[in-house]
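As a plain string of letters, each chain reads:
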Amino acid sequence: MVNINIMSPVDIRELQSTIRKAITNKQKILLKENLELQSLPIDAKTVILDLSSFDKIIELDKENFTVTVEGGINFLEFQIMLAQKGFFFPLDTYASAKTSLSYNVLHGLPSYTLGEYGNYREYVLGLEAVLFNGDHIKIGGKNIKNVSGLDIIGLLIGSKETLGIITKLTLRLLPFPEEKRVLLFNFKELKTALHVTNQLINKGINPAKLHILNASGNSIIKNINLSKSPVVIAEIDGFKASLPRQLDVFKEIISGHISNFSLEITDNNEITNFWNNFREAQYQALINVQNTVSFSCIISEIPEMVAEIEKELVKFEQEFIIQVNGIVGTGMVIPLKKVDNEWISQVAKLIEKYDGKVLGKKSFVNQGLNTIHKKLIDAFDPARISFLGGEEF
Amino acid sequence: MKETQISFLRNIVGNKNICTNKEELLVYEYDATLLKGAPEVIVFPENTEQVSNILAFAYQEGIPVNTRGAGTNLSGGSIPDQGGIALVMTKMNKVLETDFKNGVVVVEPGVINQELQDYLIPHGYYYPPDPASMKACTIGGNIGECSGGPRCLKYGVTRDYVLGMEMVLGTGEVVVIGSKQQMNPDPLDLVKLMVGSEGTLGVFTKLFLKIKKIPEAKKTMLCTFNSVKDASKTVANIISRGIVPTTLEMMDNLLINCAEDFTGLGLDRNADALLLIEVDGFKEELDGQVQVIKEVCEKNYVKEFKIAQSAQEVDQLWTARRTVIGAVARKRPSYSLQDVTVPRNKLPDIVEAIVNISQKYNLPIGVLAHAGDGNLHPLVLFDERNKEEVKKVHEAEFNICKIALSLGGTLSGEHGIGLLKKPYLKQEFSPEVLKLKKQIMLAFDPKNILNPDKILEVGK
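As the structure is a prediction and not an experimental result, all values here were calculated from the model.

Draft legend 1. Local environment of the overall build of chain B. Summing up its helical and strand segments, chain B has 15 helices and 19 strands in all. Computed over its C-alpha atoms, the radius of gyration of chain B comes to 22 Å, within 12% of the 23 Å expected for a compact globule of 460 residues. Principal axes of the C-alpha set define a box for chain B whose edges measure 70 × 55 × 45 Å. Excluding contacts between residues fewer than 6 apart, the proportion of contacts in chain B whose partners are at least 24 apart in sequence is 71%. Surface summary for chain B: the accessible area is close to 16,400 Å², and the carbon and sulfur share equals 49%. Of note, chain B has its 52 positive side-chain charges centred 2 Å away from the centre of its 57 negative side-chain charges.

Draft legend 2. Representation of the interface of chain B and chain A. Contact with chain B, which involves 84 residues of that partner, is made by 69 residues of chain A. Across the chain B/chain A interface, buried area totals approximately 6,300 Å², and carbon plus sulfur atoms make up 61% of it. Our enumeration of links across chain B and chain A arrives at five salt bridges. Between the two partners, chain B and chain A, sit 29 residue pairs in polar contact (both at pLDDT 80 or more). Put simply, the parts of the chain that give the side of chain B that touches chain A at least two residues each are helix 6 (152-155), strand 9 (174-178), helix 7 (190-194), helix 8 (228-240), helix 10 (283-299) and helix 15 (431-444) of chain B. The dominant element in the side of chain B that touches chain A, judged by the number of residues it contributes, is helix 15 of chain B, at 10 residues. Its residues assigned to classes, the side of chain B that touches chain A shows 37 nonpolar, 26 polar and 21 charged.

Draft legend 3. Just helix 10 of chain B, in detail. Residues and elements named next belong to chain B. Here helix 10 contains 17 residues, and its C-alpha end-to-end distance of 26 Å stays within 8% of the 24 Å for a straight helix at 1.5 Å per residue. By the burial criterion, the buried members of helix 10 are E285, L286, Q289, V290, V292, I293, V296 and C297. Each buried residue of helix 10 sits inside an arc of 165 degrees when the element is viewed along its axis, so together they form one side. Those residues of helix 10 that are buried lie in contact with strand 12 (217-225), helix 8, strand 14 (273-281) and strand 15 (302-307). Among the residues trailing helix 10, Y301 stands out with phi positive, at a value near 60 degrees.

Draft legend 4. Structural view of the pairing of strand 6 (residues 124-131) of chain A. All names here are of chain A. For strand 6, the buried fraction is high: eight of the eight residues fall into the buried class. Bridge count between strand 6 and strand 8 (residues 164-172): seven bridges; the pairing is antiparallel. Across the sheet, residue L127 finds its bridge partner in strand 8, namely L169. Alignment of strand 6 against strand 7 (residues 136-140), held across five bridges, turns out to be antiparallel.

How each quantity is defined
- Residues numbered from 1 in each chain as written.
- Chains lettered and ligands numbered in written order.
- Predicted model: local features only at pLDDT ≥ 70, side-chain atom pairs only at ≥ 80, totals over all residues.
- Heavy atoms only, no water.
- Helix = DSSP H or I, 4+ residues; strand = E, 2+ residues; numbered from the N terminus.
- Rg over C-alpha atoms; globule rule 2.2 N^0.38 Å.
- Contact = heavy atoms within 4.5 Å.
- Areas by Shrake-Rupley, 256 points an atom, 1.4 Å probe, with all protein chains shown as cover.
- Lys, Arg positive; Asp, Glu negative; His and termini not counted.
- Charge placed at Lys NZ, Arg CZ, Asp CG, Glu CD.
- Buried area = accessible area lost by both parts, 1.4 Å probe.
- Salt bridge = Lys/Arg side-chain N within 4 Å of Asp/Glu carboxyl O.
- Polar contact = N/O pair within 3.5 Å; in protein donor to acceptor, adjacent residues only side chain to side chain.
- Nonpolar A, V, L, I, M, F, W, Y, C, P; charged D, E, K, R; others polar.
- Expected span 1.5 Å × (residues − 1).
- Buried < 20%, exposed > 50% of the residue type's maximum accessible area, 1.4 Å probe, protein only.
- Arc of directions from axis to C-beta.
- Pairing = 2+ DSSP bridges.

Shown next, in the form of structure tokens:
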């Protein structure tokens, strides 16, 4: 059992000091949240950063619809606080309840609402960060548009703790949609469910959330008695006046394909509870195994790709969940028990066969880009203290 | 440049795609600013291989390369101020692939924004970024500058629509970053970094763009006010009532009059401010939104609230908005278009400051704003032949930038830094951030040949 070296800086000065000591002592730095989500070869020297003291809301600017908040705040608690004050921050991930805002942004965790509501870069207007070279930087502010030089904000988002740690963010907020509904449908086949979701988008219906799960995926839908077949979960939101027609079009498209179960959740509290349960169950499934494969793929390739993954993985006699965001073509393959590298590489191979990409795996191979990548890391992390960016890892 | 170097370039692109005589070079000294700088040779590559060969040669010889689309740049980014090669991408202007299933279009960088829209609209799709120069500007230039436009309030800027690209690095190496996929899973998002990099990191040769379905309905409103302050408050109040319009554009009295002189639409010449508001979406939801907007306008003492009744009327209103920049040319021989952004609630403060600056320097300054974004384009009118006046223009613009920064704003919302705002960059960023930007530029372009010393001084 490794002794864990947790550091909990309370302000920027302490965080800078922690990072500078790590540079001097040649220690690796890692955010605490990773310990649960990933199986990592940490040792007693590894500095585990706990950002939970960076948990304050600095300013909720009601006129500009922005919030400035410290990065260590729990993502879901932050969203609940905003909702109580009548503001909507639409991004929501499987790890919202368990991880900090900074962790989600730094790892670019795919939002359930990716598609209709876009991704982090559309909401992060400004940030502060302590880089792994020890510098504390501030970029951006409350401005919706900003093209003053190179987009360092965009580079930090999704950089997976390879450049530095985001400590404060100014985020764009939205007004709450007037109404929303969650719909669940069982399908006979996963492939059909995926084709149907493509039809929805072509008809101009853009659900806020659209998840497709294989039969085993039902295990992460709690308190609803589904039959064991693939399921589509959709959340549709918008103005009261247009929602009924959107729902009608949705149901019409889907009606010819569903097997034997459908459910519409209309009560906002029930919708909140549904997603809380779903998020929790997905998170538990992930931390149980710690070796999930996340992917992105061209939407039109997903039905074939997923069908082949289902077929080919049978030989491993290992139950697994496939979860796909039907709007943007991201997803996960989550084994229900620990798996070996052969299983992981088989899944990755199948994803790549359909030109899909495994998340977190560097996709470019050009010499020039590798040189640029190295020089960028030299600028942000010259002593290579990032645990996740290190050569060894 | 030596004759042997020009001959080498001639061999790459052929005689028809190279210009060296003085008259031709003169045409490429300009962009849409007042700045000038002559290239030594102009080349028009027709494909990626030619771009690659040109850059490999320029890298080997240390020749500056200024990449250019239609030259509508508003920050001096297209000015070849260090001589060298003007790499004009307008012959790489094909739509290579449309993939409606995946909501993606693949284009070459020289495609004109409006031509792309014209191509997509019959299929029920559009590309949301719509800069005012969309009839002339190229997609490559839009991406280099991270262009905006009126629709950005609801639909975001160019950055939000670029999924990936093929580009040529300074060494001539051809690389692909991102893809047709809606999400870029790379640990460092180089695609986002390329957008708005102003030609300093690489040359785009193929672009993967996200497109959207055209909303089924829209409503356009024209509202006039007796004060800019009332109009600005209206902007903030509309959004806090739960409505994010597609566009929320503002013009001040000077520009209302310029637009009216030009279009004769019957705009209220006495109004201090005009808002052009558009909402789109499903047809059932629009009347409710219009009603809320009307209530907000009335609460803020709207002078007149008018809903466009026909597509023709909508077109006329947009013509007034899009042509107003050209229309000011009737007032004075020259104009300079600024670009700053402030938090939305600071609009009245900056407009008041601009009025004071206008009086102090005795220069007419009109204010055009993507008000919903807090993005202003003060238009300073003057006579370029009057050197004293030109000096005052520069001082006035520097003061506008300083005030924008003091209000929590930024130097540029959608035009970029280029040469024009390079001297002000240290007012916005700390030395640590500037050093980082320089390191990023050198990581991509160690010899500093790609649009050298634009954005900031990199040196050799």
